[in-house]
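In case you want the letters, here they are:
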Amino acid sequence: MNDFLDCIVDVTLPVLDGITLTEFAELRDKSRAVREVGSINVEWTRNPGDGIFDGVPDENELARRFGCSAPRARMLLDFEVLCFRLIRIRLEAVDTPVSRKTEGYIAATEEILVILEERLRRAVNGAFNLKANKDQALEQFTEVFMDRVSSLEGSTEGRMVRFYFGIRQTESKIQDSDLFGTQQFHEVLERRLWKKLEAAASASSGSAPPATGGSVPSTSEAISVPPAGLSESYPEPPPNTRAEDSDHWKRFQQGQQREGSISWDASFSALGPFFTVRILLRRGLYQEILDWLLEKEGRFSPELPRILMDCLRTEENLRERKGQTPELLDQLIETIREIVGHR
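Residues numbered from 1 in each chain as written. Predicted model: local features only at pLDDT ≥ 70, side-chain atom pairs only at ≥ 80, totals over all residues. Heavy atoms only, no water.

## Looking at the overall build of the protein
Which entries qualify depends on this criterion: Strands are runs of DSSP state E lasting at least two residues, helices are runs of H or I lasting at least four, and both sets are numbered from the N terminus onward. Using a 1.4 Å probe on the protein chains alone, a residue whose accessible area is under 20% of its type maximum counts as buried, one over 50% counts as exposed, and one in between counts as partly exposed. Whether two residues are in contact is decided by their heavy atoms: any pair within 4.5 Å suffices.
Broken down by element type, the protein carries 15 helices and two strands. The 343 residues of the protein split such that 48% are buried. Intrachain contacts of the protein at a sequence separation of at least 6 include 70% that bridge at least 24 residues.

## A short note on the packing of aromatic side chains
Test applied: Centre distance within 6.5 Å is the pairing criterion for rings of Phe, Tyr and Trp, where only the six-membered ring of Trp is used; planes under 30 degrees apart are then read as stacked, over 60 as edge-to-face, and the remainder as tilted.
Applying the stated criterion across every chain, the model contains six aromatic pairs. Aromatic side chains F24 and W194 sit 5.9 Å apart centroid to centroid with 65° between the ring planes, which places their arrangement in the edge-to-face category. Highlighted residues: F24 in helix α1 (residues 21-31) and W194 in helix α9 (residues 183-205), separated in sequence by 170 residues. Judged by centre distance (5.3 Å) and plane angle (55°), the rings of F79 and W194 are tilted. Of this pair, F79 sits in helix α4 (residues 70-82) while W194 is found in helix α9, placing the two residues 115 residues apart along the sequence.

## A look at the nonpolar core
Heads up, the rule is: Here, nonpolar core means buried Ala, Val, Leu, Ile, Met, Phe, Trp, Tyr and Cys residues that are tied together by side-chain atoms lying within 4.5 Å of each other.
In this structure, F24, F66, L77, I106 and F163 are the most contacted members of the largest nonpolar core, which totals 58 residues. If we ignore the near neighbours within four places in the chain, the residues touching L77 are A33, V37, E59, L62, F66, L86 and Y105.

## Notes on the confidence of the model for the protein
As a reminder, the rule being used: Confidence of the prediction at every residue is given by pLDDT, a number between 0 and 100.
Predicted confidence across the protein gives a mean pLDDT of 80, with 78% of residues reaching 70 or more. Note on residues 208-240: pLDDT under 50 across the span, and 81 contacts to partners over four residues away in sequence or across chains.

## Overview of the pattern of salt bridges
As a reminder, the rule being used: We count a salt bridge whenever a side-chain nitrogen from Lys or Arg sits within 4 Å of a carboxyl oxygen from Asp or Glu.
Enumeration according to the criterion identifies 25 salt bridges in this entry. D50 serves as the salt-bridge partner of R159, at 3.2 Å between the closest nitrogen and oxygen. Here the residue R159 occupies a position in helix α8 (residues 156-176), and D50 occupies one in the loop between α2 (33-44) and α3 (59-66), the gap between them amounting to 109 residues. Among the ionic pairs, E92 bridges to R159, the shortest N-O distance being 3.2 Å. Taken as a pair, E92 in the loop between β1 (86-90) and β2 (103-107) and R159 in helix α8 lie far apart in primary sequence, 67 residues in all. In terms of burial, E92 and R159 fall into one category: buried. Via salt bridges that share partners, R191, R192, K196, E315, E316, R319 and E334 belong to a single interconnected network.

## Remarks on the environment of D50
Note on D50: relative accessible area 42%, which makes it partly exposed. The sequence separation of D50 and R159 amounts to 109 residues, and the corresponding C-alpha distance is 9.0 Å. Those residues in contact with D50 that lie beyond four places of it in its chain are T156 and R159.

## Topic: the environment of I112
Turning to its location among the elements, I112 is positioned in helix α5 (residues 110-128). By relative accessible area, which is 13% here, I112 ends up buried. Separated by 71 residues in sequence, I112 and N41 place their C-alpha atoms 7.6 Å apart. In contact with I112, other than residues within four places in its own chain, are G38, N41, V42 and A107.

In structure tokens form, the structure reads like this:
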């Protein structure tokens, strides 16, 4: 059932077919896709009945606004989805194209999502003659939908439920990370995507890619990790010193040295994942973190969004100092992003 009502659609890195990086950057600057989608979300979800879906535009509608083809609009939109500025949601569980819109985009900003959640909850309550508040809505809407799925699938009411679930799942993603929605968070993701696009362009042309213009953020500031969010049972590293300089680490290290070499498994257990990963990053022991993620319980840690930001900060610092980053660190970042993105 959870899979059936998982309404967020995963996207892949755009393939810039027939367009250079410079042209893509210029088109992105001109289109202002995030602003356009957010404006449509707020303006057109006021419509009654089936008209409410005018507020969740697809690439065909947005292509007309951007003044480009639908494939190029899809490139722009998928790029912003990978930056977590937009979310692509599924309105119907279909695998083949149909004449009406089955997917669309919403802006991943808390202000807009609050408006959409209230409007869609009111619409679904009216369609099903319910009075569910926000705390009750997911359970009651799921129950009604699954009881009548054969008749509701593809109907206006069923699509409203999927629209609603897409909103709530987007809100859940935002709540998973304190840094979601901050300018620095999205800019770091954006720089990583540009780097991948440049690598793809270079591989296909066999030469260095052209400059990507003003769309690529020039800032190289390190991401700052907010101090809140750790369980009280795990000590927080001092914000202005290395984790290895803290009294917590020194006491743990002394106890471990009496037993021989340091056990990183013991550190994860005794000092917590965020603290331990910060030390491993400092020492360049990326494989230890990957082993914890892939072979132990790391993928279930609620600290992963904050750990991701520490990894991104490490990547930025290494690039500034050395001009490149270790392949294992890139693999680690991609692994954490994939785990966090599928929660």
